[in-house]
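Below, each chain spelled out in residue letters.
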Amino acid sequence: MVCRGPRHAVAQDWVEPVTDPSTPVLPTTVTDFTGESVTVTDAERILALDTYGTLATTVYALGLGDRLVGRDISTGVPTLQDLPVVTHNGHELNAEAILELDPSVILTDYSIGPLEVQLQLKEAGIPVVIMDDQRNRAVIGDQIRAVAEVLGVPTAGETLAASVAEDISRAESEVTAMAEAAADPRMVFLYLRGNAGVYHWFGKGSGADDLIAALGGVDVAGESGLEGSRPLNAEGLVRSEPDLYLMMSDGLGSVGGADGLLEIPGVADTAAGVDGCVVDMDDAQILSFGPQFPVTLRALGDAVYGPDGVLGAGSESDGTEPS
Amino acid sequence: MALLVALGVALVAAAIVAAAVGQLPIAPSEVLGSVLHRVGGWVGLDIGSVPSHPRGEAALWNVRSPRVLLAALVGAALGGAGAVLQAVFGNPLAEPSVIGVSGGAAVGACSVIVFGWSFLGSYTVPAIAFATALGTTLVIYAMARHGGRTEVVTLVLMGIAVNAVTAAVIAYLVFLGDSQAREQIVFWQLGSFNGSRWEAVRVVAPVVAVGLAGVMAITRQLDLLALGERSARHLGVNVERLRLTSIVIVSLLVASGVAFVGIIAFIGLIVPHLVRMVVGPSHRTLVPASVLGGALLVVIADVVARTAVDYADLPIGMLTALVGGPFFFWMLHRTRTAAGGWG
Amino acid sequence: MSVATTLRGLRRDVRRPDRSATPGPAIRARGIGVVLDGASVLYDVDVDVDTGHLLALVGPNGAGKSTLLSVLAGDRQPERGAVELDGLPVGSWSAVEMAMRRAVLLQQVTMSFPFTVRQMVEMGRAPWAGQPEEADDERRVVESMAATDVSHLAERTVPSLSGGERARAALARVLAQDTGILLLDEPTAALDVRHQEQVLALAADAAAAGRAVVVVMHDLGLAAAHADRVVVLAGGSVAADGAPADVLTAPLLSEVYEHPIDVLRHPQDGRLLIVPGHDRPSATIRHT
C-alpha cells in the first residue's frame with residue numbers, strides 16, 4: 001500500500017440546526033443514564049458538558065444553541081466559541097464557574113468530571129442529567145432523541161435523528177465507494193499527549209473502533225484484543241502492522257508532528273510510520289460522533305481516500321506532495 | 001495559650017475570607033448575611049439575607065462551605081498527624097508524605113477507584129485507605145527504628161523506598177484502570193479540594209474528631225518519648241501500646257484526608273516545626289496548635305490554589321510541595337549542620 | 001465517659017508502693033544469665049539490692065555492669081534466673097507500677113526535641129499523675145534541680161547543655177521521680193570532681209534516707225568512699241561482693257582489671273586510695 005504522507009482532515013461545514021426549531025414543552029421528567037429520575041422545569045439556560053463536545057453540538061443542532069450559557073473546551077461549533085468555558089486543567093469541571101452562569105439545566109456524562117462536581121451541582125438544586133457516554137454510530141440517534149426529550153423538544157429530536165441517520169448512510173456509501181481501490185487498510189487510533197507523557201492507543205469500545213469501521217479500515221488494536229484505551233506498547237504496535245494512524249491534531253502536534261511521531265518506540269518500525277501515513281483531525285471532532293458525524297466521516301474519508309488523500313488513487317503517478 | 005487563641009481567631013477569619021472569595025462573586029458581608037440567615041432559620045428568625053447572585057446561596061453552601069470545612073479538617077488532621085509522627089520517630093523530619101504514609105493511603109484509595117469497590121458505601125475509600133496506610137506505617141516503623149530512635153538518613157532512605165514502591169503500585173493500578181478511573185487517580189494524586197461535598201465532610205469530620213481526641217489523650221506520654229523509649233518506659237509509659245495507638249491514629253488522620261482530596265504534602269512538617277519554634281516542644285500545646293495551624297495553612301493554601309490563576313484550580317498538593325520542599329531541604333540542612341553529620 | 005476519666009479510673013487500680021515497708025532487699029536477683037548474640041554476657045549472678053544501702057557496681061569494660069543494671073530495672077528479661085522487685089517478679093508489675101518503685105538514669109541522655117531542663121525534670125513526675133503525690137510535683141521538681149545544681153539552667157533547652165550539665169539535669173529528673181529504688185548507670189562519667197563528689201553524696205544521702213541505690217561506676221576511689229557495698233563484676237559473673245574494705249583489695253582488683261593496682265590507706269583519715277600501677281603492663285593486656 002502506497003502512502004502519500006500525512007494529511008490533516010478538515011470539516012468543511014457544520015451540522016445545520018433543524019430548520020423549524022420548536023419551543024421546549026416543559027416540565028419533562030426523564031430517567032437518566034444512572035437510573036435516576038430528573039425533572040426539568042426550565043430550559044432557558046442550558047449547559048451541555050462532555051469531553052467530546054457532542055452534547056453541546058446536539059443542543060445546537062436541535063435549534064437551541066442560543067440557550068447555551070457556557071461550554072466545555074471541546075465544543076467546536078463556530079457560533080458557540082464566545083461562550084464562557086467552564087472547564088479547566090483540560091476536562092476538569094469547575095463548580096463555581098458553572099454556578100456563576102446560573103444554568104437551569106445541565107446535560108453531562110461520565111466522560112468529564114470530577115464526579116464530585118457533578119454531584120455538587122445536583123446538590124445545589126440544578127437538574128443534572130447524566131447521559132450515556134458511549135460514542136459510536138449505533139447510539140447517535142438515541143442520544144439525539146435523549147437530549148431532545150430532556151429539553152422538551154421530542155419532535156425536533158425525531159426530525160434531527162432521522163436526518164442525521166440518513167446523512168450518515170449517504171456519507172458511508174460515499175466513503176465505501178472511495179475506499180474500494182484501497183484493500184482494507186489497517187488502521188489504529190493513537191491518543192498522544194507528548195508533553196504529559198501519555199501514549200495510548202484505542203481499542204474496542206473506545207469509539208475509535210467504530211470510526212475505523214466506518215472508514216472501511218481494519219481496527220488493528222481491536223484485532224489484537226485491546227479494549228478501551230491502553231498505554232502504547234512498542235512491540236504490540238509493530239506486531240499489529242498498521243498502515244495508517246488516525247490522530248487528534250493537538251496529539252500529533254504534542255509529539256512534534258509526523259516526524260516527531262517516529263521517535264515514539266515502535267512507530268518507526270511500522271509501515272504507517274515509515275510512510276508517514278498519518279491522518280489527523282481536530283481534537284474536538286474526530287471522536288465526537290453525534291449530529292456532526294456525517295461531516296466528520298466525509299472529511300476523514302476525503303483525507304484518506306480522496307484524490308489528494310494519503311491513500312488516494314493516482315498517488316503512484318503523482319509523486320509530488322501537496323501540503 | 002495565647003498562640004492557640006490567635007490561631008483560632010485567624011482560622012475563623014481565614015474561613016470567612018475563603019468563603020467569600022471564588023469565581024462566583026459573593027461579598028464577605030453577603031457571606032455573613034447568609035450565615036445569619038441560615039442560623040436564624042434554625043431558630044425561626046428572619047434575619048440576614050441571601051447573596052444577590054441567583055446561585056450565590058447554592059455556591060456558598062453547596063460548593064464553598066464544604067470545601068472550606070474539608071480544607072480545615074484535612075489540614076487539622078495533617079498538622080496533628082505530623083506532630084504525633086515526629087514524636088513517635090523521635091525525629092522532627094518525620095512527615096506523612098515524606099516517609100510514605102500518604103503514599104500507602106493513596107494505594108488503598110486508588111484500589112477502590114480502579115476495582116470499583118463500594119461495600120462500605122461512602123466510607124469505602126477512607127476505610128481501605130486507612131488499612132493500607134496503617135500497613136505501610138507499621139512496615140516503616142518496624143524497619144526504620146533503631147534503639148527507639150530513627151536517624152535522619154534511615155528515615156529519608158526509608159521514605160524513598162516506600163514512596164518508590166507505592167508509586168509503582170499506583171502506576172500499576174493506573175495501568176489496570178479504565179480511562180475514567182485513570183483520570184480520577186491523576187486528578188487526585190495532585191491533591192485538590194475541587195469537588196468537596198458535604199458527604200465528604202460528614203465522613204471526615206467524625207474520623208478526624210476521634211483521631212484528634214485520641215491524640216490529646218496521649219500528649220503527656222508523647223513528651224516522655226523524647227527521652228528515648230527506655231527512659232519513657234522507666235517513667236511508666238507502656239511504649240508498645242503508645243506506639244501502636246499513635247500509629248493507628250496517624251494512619252486514621254492521614255487516610256481520612258488523603259481519601260477525599262489526595263496527597264497534600266509537607267503540612268505535617270511545616271506546621272509542627274513552626275509551632276515548636278514559638279511555643280516549644282511540649283505536646284500539650286504543640287498538638288492543638290499544630291491542629292489549628294494545619295487547618296489555617298490548608299484553608300489559606302486552598303484559597304491561593306483556586307484564585308492564583310483565573311478560571312483555574314491549581315492542584316493544592318503541588319502548591320504545598322512547592323513551598324514545603326524547600327522548607328524540608330532547609331530543615332535537613334540545619335539538622336545536618338547541628339548534628340555535624342547525617343546523624 | 002471521657003478518655004481522660006477512663007485513664008484516671010484505671011490509675012486507681014494501680015498498686016501503689018508501700019512507703020512504710022520494712023527494710024530488706026528491694027530487688028532480689030537470683031541465678032541471672034543473659035545471652036547476647038549467642039555469647040553469654042552474664043552467668044549465674046546473684047544480687048540483692050537492699051533498702052538503705054548504696055551498692056556500687058564496678059568492673060572492667062565489658063564485665064556486664066550495664067546489662068545487669070538493665071536486668072535489675074526490668075528492661076531486659078534474662079534468659080535464666082529471676083528478678084523480684086518489692087517481693088514480686090518484675091514481670092508482674094505494670095509499667096506505671098514499676099515507675100513508682102524504681103527510677104533509672106541511663107548512660108546516654110537523649111532528648112529528641114528542645115525541651116527545657118525544667119520540662120525534662122517535670123517528666124520525672126509522670127508516674128504520679130492522677131495520684132495524691134501529684135500535689136508534690138512542683139516541690140519535688142524544684143528540690144531535685146537544686147540538689148543537682150541545675151536550677152540556674154531551668155529554662156535552657158536540654159540539647160544546648162554541656163555533657164556534664166545534661167547528666168546532672170537527667171539525674172534531677174530521676175530524683176524528681178521520687179522512688180524507693182534508684183538505678184544509676186555511670187552518673188559521674190561526664191562530671192568534674194566537684195560535681196562527682198556532689199552526685200555521689202546525693203546518692204549516699206538517698207540511701208541513708210532509706211532508699212535502695214545502685215550505682216554503676218568506674219572510679220574505684222569514689223566507690224570506696226561512698227558505697228556501703230561493692231559488687232565487682234568480671235567476665236559476666238560476680239568476682240566479689242561485700243563491704244568496700246573487704247572487696248577492694250590489690251590482688252582481686254589487679255586480677256580483675258588485668259593491671260597492677262595498689263590499694264593504700266590515706267595517711268590522715270584512713271580512706272582507701274586505689275592507684276593503678278605504672279610499670280608497663282603489656283604482658284598482661286590481652287588484645288581482643
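Residues numbered from 1 in each chain as written. Chains lettered and ligands numbered in written order. Predicted model: local features only at pLDDT ≥ 70, side-chain atom pairs only at ≥ 80, totals over all residues. Heavy atoms only, no water.

Description of the state of the cysteines
All names here are of chain A. Scanning the entire structure with this criterion turns up one disulfide over all chains. Covalently, C3 is tied to C277 through a disulfide, its sulfur atoms 2.3 Å apart. Taking the sign of the torsion about the S-S bond as the criterion, the disulfide between C3 and C277, at about 105 degrees, is right-handed. Placement of C3 in the segment before β1 (7-9) and of C277 in the loop between α11 (271-274) and β14 (278-281) is noted, with a sequence separation of 274 residues between them. (Disulfide = S-S within 2.5 Å. Helix = DSSP H or I, 4+ residues; strand = E, 2+ residues; numbered from the N terminus.)

Some remarks on the interface of chain B and chain A
Across the contact, 28 residues belong to chain B and 28 residues belong to chain A. Buried surface at the junction of chain B and chain A, both sides included, amounts to about 2,500 Å², of which 46% is carbon and sulfur. Summed over the shared surface of chain B and chain A, the result is three salt bridges. Across the salt bridge formed by E96(A) and R64(B), the nearest N and O atoms sit 2.5 Å from each other. Linking chain B with chain A are 13 residue pairs in polar contact (both at pLDDT 80 or more), by the criterion used here. Among the elements of the structure, α3 (56-89), α7 (152-176) and α8 (179-189) of chain B are those that each provide at least two residues to the side of chain B that touches chain A. Top contributing element to the side of chain B that touches chain A by residue count: α3(B), with five residues. By residue class, the composition of the side of chain B that touches chain A is eleven nonpolar, ten polar and seven charged. (Contact = heavy atoms within 4.5 Å. Buried area = accessible area lost by both parts, 1.4 Å probe. Salt bridge = Lys/Arg side-chain N within 4 Å of Asp/Glu carboxyl O. Polar contact = N/O pair within 3.5 Å; in protein donor to acceptor, adjacent residues only side chain to side chain. Nonpolar A, V, L, I, M, F, W, Y, C, P; charged D, E, K, R; others polar.)

Things to note about the confidence of the model for chain C
All names here are of chain C. Across chain C, the average pLDDT comes to 89, with 91% of residues at 70 or higher. Note that pLDDT drops below 50 for residues 1-9; the model gives that stretch three contacts with residues more than four away or on any other chain. Here the predicted complex scores 0.84 on pTM and 0.90 on ipTM. (pLDDT = per-residue confidence, 0-100.)

A few points about empty space enclosed by the protein
Under the defined criterion, the tally for this structure stands at six cavities of 30 Å³ or more. Taken as a whole, the largest cavity holds about 100 Å³ of empty space. Along its surface, the largest cavity is lined by twelve residues, and N94(A), E96(A), R67(B), R306(B) and D313(B) are the ones closest to its centre. Contributions of two or more residues to the lining of the largest cavity are made by α2 (95-100) of chain A together with α3 of chain B. Across the lining of the largest cavity, the residue classes break down as four nonpolar, four polar and four charged. (1 Å grid on protein atoms, 1.4 Å probe; cavity = no way out; pocket = protein on both sides within 12 Å on 5 of 7 lines; lining within 4 Å. Points joined across faces, edges and corners; volume = space filled by probe spheres on them.)

What to know about the packing of aromatic side chains
If you walk through the whole model with that rule in mind, you get nine aromatic pairs over all chains. Between F289(A) and F293(A) the ring centres are 4.8 Å apart and the planes differ by 15 degrees, which places this aromatic pair in the stacked class. Across the pair, exposure class does not vary: F289(A) and F293(A) are buried alike. Each ring, one from F266(B) and one from F328(B), has its centre 6.0 Å from the other, and the planes form 40 degrees; the classification is tilted. With F266(B) in the loop between α12 (239-261) and α13 (267-279) and F328(B) in helix α15 (residues 316-339), the pair connects residues that are 62 residues apart, well separated along the chain. Comparing F266(B) with F328(B), the two get one shared label, buried. Counting every residue linked through ring pairs, the aromatic cluster contains F189(A), Y191(A) and F202(A). (Phe/Tyr/Trp six-rings, centres within 6.5 Å; stacked < 30°, edge-to-face > 60°. Buried < 20%, exposed > 50% of the residue type's maximum accessible area, 1.4 Å probe, protein only.)

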